[in-house]
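Below, each chain spelled out in residue letters.
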Amino acid sequence: MRNAETVLGVIRERGRRGLPLEGIYRQLFNRELYLLAYSRLYARRGALTRGVTEDTVDGMSLARIDRLIAEVRAERYKWTPARRTYIPKANGKMRPLGIPTWTDKLLQEVIRLLLEAYYEPQFSAHSHGFRPERGCHTALGEVARQWTGTVWFIEGDIAQCFDRLDHEVLLTILGEKLHDNRFLRLIANLLKAGYLEEWKFNATLSGTPQGAVVSPILSNIYLDRLDKFVEEKTVTRLQQRRAAQEERCVLQTLAGCLVSGENGKA
């Protein structure tokens, strides 16, 4: 059984080189990845928060991890619907939050580790949201360093972004580089697991639930296409503007030369 960091390092290198990833599902049988995932989750406040069952981090053991791996290996693992609750937003509105069971959360964290290792080297250098060692401050730092000639900016927001991600589009994007149907099927089942609100089941026909450990990386994979599109259009516009400025300078120089020549004749 290979060390977790070694596995993630190999996957990260394939991502950096843009190579497709095959056989990723079998990495879900590696106990070391679950131990790493556990170390990332156990101290968080939500580790003892119940979802729709009594399942929490309390009483965690290697035997529980081995049972989970056995279910995943046999493709018998069933995602549990998240418990829907609401938390206040800064604008006074309420944001829906899905609280998964601890076992779901642990498996999601293993999936997140694998996806992050592979996709993080491929993301735009100008993307800062939900990324390791990045955030609002690094984004503002880039603005301060590189956009010194800009006098105004446009702030935008994608309304209900997590709730509206198209499942088929997301799975298609994942399938372009992750050549493993079992892994894709596991994520597809997660997206369709639904949620319970006041003990009534609700299907999730789109989106990835806020509160799910794996949601931020899935949204970044989805929105990376938008990042690259905006970058391409921005570079094209800048190149066009620079070319137009250079053309104006040439025309102004030629016009100046013609005027000087006419004055000399006079």
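Bear in mind that the values here come from a model prediction, so they are computed numbers and not experimental data.

What counts as what
- One numbering rule holds for all chains: residues counted from 1, following each sequence as written.
- Thresholds applied to this predicted model are a pLDDT of at least 70 for local features of residues and 80 or more for the giving and counting of side-chain atom pairs; totals over whole chains, interfaces and linings are not thresholded and use all residues.
- To get the side-chain values, all heavy atoms of the structure are used, and hydrogens and water are removed first.
- Working definition: helices are DSSP H or I runs of at least four residues, strands are E runs of at least two. Numbering for both runs from the N terminus.
- Relative accessibility under 20% of the residue-type maximum defines a buried residue, over 50% an exposed one, and the middle range a partly exposed one, all with a 1.4 Å probe and only protein chains included.
- Should any heavy atoms of two residues lie within 4.5 Å, those residues are counted as being in contact.
- For accessible areas, the Shrake-Rupley method is used with a probe of radius 1.4 Å. Any residue's cover is judged against the shown protein chains and nothing else.
- Under the rule applied, a polar contact is a pair of N or O atoms within 3.5 Å (in protein, one hydrogen donor and one hydrogen acceptor; residues adjacent in sequence only if both atoms are side-chain atoms).
- The patches described consist of residues with a relative accessible area above 30% and no salt bridge, like charges being joined within 9 Å and nonpolar side chains (Val, Leu, Ile, Met, Phe, Trp, Tyr) within 5 Å.
- Should a side-chain nitrogen of Lys or Arg be within 4 Å of a carboxyl oxygen of Asp or Glu, the pair is scored as a salt bridge.
- For helices, the axis comes from a line fit to the C-alpha atoms of the stretch in contact; other axes are also lines fit to C-alpha atoms, and the angle between any two N-to-C directions lies between 0 and 180 degrees.
- For classification, angles of less than 35 degrees are called roughly parallel, those exceeding 145 degrees roughly antiparallel, those between 65 and 115 degrees roughly perpendicular, and all remaining angles oblique.
- Throughout, the ten residues Ala, Val, Leu, Ile, Met, Phe, Trp, Tyr, Cys and Pro are labelled nonpolar, Asp, Glu, Lys and Arg are labelled charged, and all others, Gly among them, are labelled polar.
- Within this analysis, the arc is defined by the directions that extend from the helix axis to the C-beta atoms.

A. How the structure looks around the overall build of the protein. A tally of regular secondary structure across the protein gives nine helices and six strands. Expressed as a percentage of the 266 residues in the protein, the buried residues total 37%. Taking all contacts inside the protein whose residues are at least 6 apart in sequence as the whole, residues at least 24 apart take part in 73%. Here the protein has roughly 16,500 Å² of accessible surface; of this, 53% comes from carbon and sulfur atoms.

B. View of the environment of T53. Residue placement: T53 occurs in the loop between helix 2 (31-41) and helix 3 (62-73). The class of T53 is partly exposed, set by a relative accessible area of 32%. Spatially, the C-alpha atoms of T53 and P100 are 9.1 Å apart, while their sequence positions differ by 47 residues. Not counting residues up to four positions away in its chain, the partners in contact with T53 are T80 and T101. One polar contact links the side chain of T53 to the main-chain amide nitrogen of D55, over a distance of 3.2 Å.

C. Expanded view of a nonpolar patch on the surface. A grouping of I158, L226, F229 and V230 is seen on the molecular surface, where their side chains present a nonpolar patch of about 350 Å² in accessible area. Looking at where V230 falls in the secondary structure, it is placed in helix 9 (residues 215-265). Judged by its relative accessible area of 41%, V230 is partly exposed.

D. Region of interest: the packing of helix 1 (residues 4-17) against helix 2. Helix 2 packs onto helix 1 with a crossing angle of 95° between their chain directions and a minimal axis gap of 8 Å. One way to sum up the angle between helix 1 and helix 2 is to call them roughly perpendicular. Counted together, A4, E5 and L8 of helix 1 and E32, L33, L36 and R40 of helix 2 form the full contact between these two elements. Here the residues of the contact of helix 1 with helix 2 sort into four nonpolar, no polar and three charged.

E. Representation of the environment of E176 in the model. Here E176 is to be found in helix 7 (residues 167-177). Sequence separation between E176 and P20 is 156 residues; the distance between their C-alpha atoms is 7.9 Å. Of the polar contacts made by the side chain of E176, one reaches the side chain of R225; its length is 2.3 Å.

F. Structural context of helix 7. Along helix 7, the residues classified as buried are H167, L170, L171, I173 and L174. An end-on view of helix 7 places all buried positions within 155° of arc, on one side of the element. Put simply, D166 is the residue that caps the front of helix 7, since its side-chain oxygen is 2.9 Å from the backbone nitrogen of E168.

G. Expanded view of the pattern of salt bridges. Summed over all chains, the structure comprises 10 salt bridges. The partner of R112 in a salt bridge is E109, and the shortest N-O contact between them spans 2.8 Å. Taken together, the residues R112 and E109, both in helix 4 (residues 102-119) and three residues apart, mark about one turn of the helix. Take R112 and E109: they sit in the same class, and that class is buried. We note a salt bridge from E116 to R112, for which the minimum N-O separation is 2.7 Å. Of this pair, E116 and R112 are both found in helix 4, four residues apart, which corresponds to roughly one turn of the helix. When its relative accessible area of 21% is taken as the criterion, E116 is described as partly exposed. Relative accessible area serves as the criterion here: at 13%, R112 is assigned to the buried category. Salt bridges sharing common partners tie together E109, R112 and E116.

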